[in-house]
Amino acid sequence: MQAILLGTGAPPPNPRRRGPATLVTIGDRRFLVDAGSGAGAQMVQAGVRPWDWPPVLVTHHHSDHTIDLGHLLISRWIAGQNRPFEVYGPAGTRAQMDRLLAWLHLDIELRRAHMHDRPPPTAEVVEVEEGTVLERDGLRISAFLVEHDPVRPAFGYRFDGQGQTIVVSGDTRPCENLMRWAQGTDVLIHECCEMRHTSWYPGCGWPSIEEKIRDLASYHTQPDDLGRVAAGARAKRLVVTHLMPGSDPGELKAAAERQYRGPVSVGEDLLEV
Ligand SMILES: [Zn+2]
Ligand SMILES: [Zn+2]
């Protein structure tokens, strides 16, 4: 089992980090956790062709995790794939995919007008709850609830296969339920959205940058909490992702190592773990 961090960024556009997306490979099966900005281009970099885009597991409906769903849906169809696009995600995923197909309708019909007998693209959506999402051929994928209020539900995903486990946190504040579901995992890929690096602009919805930082830090994991979460999960390895543009990888690693004795890697795009 292997994971490739396709995108290790956060909502702000960052030339060095694409939006959140992680490719998990178990034997000959692949799954994409989240479809942040640039997910398709990064999959090509990782050797996956558009007609082979894997099923997508959406953690939650923040746009930094879903913005490229439409691009993936249409680019696999343009490349020739007629099988339904498989998407798993929280309640609301079906409606979001229907809206995407409605928005893409004009493009789809323009393209079909000079194709021969081509059916339009379709999506096969499974709305998940906490527990087993998929189990077959010695592989189990589970969804578990994380704490990202007011986003409810928000999930992390656990992959079990070939005697190994990988856990992807999604977006969450430090979360006891995640620590339970991730107990003893070989790899914990955990977010760290360091809000002290956020920007502020008049009209952004918070009267001051201090208030914005306080508010957003309460639903993400900050550097000083990373080690406590990894230690609580008894993870064998911690991989940090979802970095803000101003975050310093060395500082994040040092912060995590204050409370966690295992190996810590701070993610870079296309890092294999
Ligand atoms: Zn989020
Ligand atoms: Zn996010």
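First things first, this report covers the structure right here in the doc.

For the protein, the count of helices and strands is seven helices and 14 strands. For 273 residues, the compact-globule estimate of 2.2 N^0.38 gives 19 Å, and the protein sits close to it at 19 Å. Overall, the protein is about 60 × 50 × 30 Å in size when its C-alpha atoms are taken along their principal axes. Taken across its 273 residues, the protein has 52% of its residues classed as buried. When the accessible surface of the protein is totalled, it reaches about 12500 Å², and 50% of it is carbon and sulfur. For the protein, the centre of its 29 positive side-chain charges and the centre of its 35 negative side-chain charges are spaced 3 Å apart.

What follows deals with the coordination of the zinc ion (ligand 1). At this site the zinc ion (ligand 1) is bound by His-60 (NE2), His-62 (ND1), His-148 (NE2) and Asp-171 (OD), with donor distances of 2.2 to 2.3 Å. Metal-centred angles of 90 to 160° between the four donor atoms at the zinc ion (ligand 1) mark the site as irregular. The sequence motif formed by the donor residues of the zinc ion (ligand 1) is H-x1-H-x85-H-x22-D. Between the zinc ion (ligand 1) and the zinc ion (ligand 2), a spacing of 3.5 Å is present, and a bridge between the two is formed by Asp-171.

Glancing now at helix H7 (residues 249–257). Buried within H7 are the following residues: Leu-252, Ala-255 and Ala-256. Projected onto a plane normal to the axis of H7, the buried residues spread over an arc of 95° and lie on a single side. Packing partners of the buried residues in H7 comprise helix H6 (223–232), strand S12 (238–241) and strand S13 (264–266). A side-chain oxygen of the first residue of H7 lies 3.0 Å from the backbone nitrogen of Gly-250; this N-cap is Asp-248.

With that settled, the discussion passes to the packing of aromatic side chains. Considering all chains together, one arrives at two aromatic pairs under this definition. An angle of 45° between the planes, with centres 6.3 Å apart, marks the rings of Phe-31 and Phe-159 as tilted. With Phe-31 in strand S3 (residues 29–33) and Phe-159 in strand S9 (residues 155–161), the pair connects residues that are 128 residues apart, well separated along the chain. Note on Phe-31: relative accessible area 1%, which makes it buried. With a relative accessible area of 0%, Phe-159 lands in the buried category. A ring pair is formed by Phe-144 and Trp-181, whose centres lie 6.0 Å apart and whose planes are at 15°; its orientation type is stacked. Here Phe-144, found in strand S8 (residues 139–145), pairs with Trp-181, found in helix H4 (residues 176–181); they are 37 residues apart in sequence, far enough to count as distant. Of the residues examined, Phe-144 reaches a relative accessible area of 0% and is grouped as buried. On the accessibility criterion, Trp-181 (25% relative accessible area) is partly exposed.

Cut-offs used in this document
In every chain, residue numbers begin from 1 and rise along the written sequence. As they are written, the chains are lettered A onward and the ligands numbered 1 onward, keeping that order. pLDDT decides what is reported in this predicted model: residues at 70 or higher carry local features, side-chain atom pairs at 80 or more are listed and counted, and totals for whole chains, interfaces and linings draw on all residues regardless. Hydrogens and waters are ignored; side-chain quantities use all the structure's heavy atoms. A helix here means a DSSP run of H or I that spans at least four residues, while a strand means a run of E at least two residues long, and both kinds are numbered starting from the N terminus. We compute the radius of gyration over the C-alpha atoms and compare it with the globule rule, which gives 2.2 Å times the number of residues raised to the power 0.38. Here's how the labels work: a residue is buried when its accessible area is under 20% of the maximum for its type, exposed when over 50%, partly exposed in between, all with a 1.4 Å probe on protein chains only. All accessible-area figures derive from a Shrake-Rupley calculation using a 1.4 Å probe, and residue coverage is judged against the displayed protein chains alone. As used throughout, the charge tally considers Lys and Arg to be positive and Asp and Glu to be negative, leaving His and the chain termini uncounted. The atoms used to mark charge sites are NZ of Lys, CZ of Arg, CG of Asp and CD of Glu. Note that water is not among the atoms used; donors are N, O and S atoms within 2.8 Å of the metal (3.2 Å for Na, K and Ca), so sites may look incomplete. Four donors are marked tetrahedral only if all angles between them lie between 85 and 135 degrees, whereas four are marked square planar and six octahedral if opposite donors are more than 155 degrees apart and the other angles lie between 65 and 115; the remainder are marked irregular. Of all possible arcs, the one meant is that of the directions from the helix axis to the C-beta atoms. Residues are treated as being in contact if the distance between any of their heavy atoms lies within 4.5 Å. Contacts described as polar in this section are N or O atom pairs within 3.5 Å, which, within protein, must combine one atom able to donate a hydrogen with one able to accept it, while residues neighboring in sequence count only if both atoms come from side chains. Any two of the Phe, Tyr and Trp rings considered here, Trp counted by its six-membered ring, make a pair once their centres fall within 6.5 Å; the pair's planes then place it as stacked at under 30 degrees, edge-to-face at over 60, or tilted in between.

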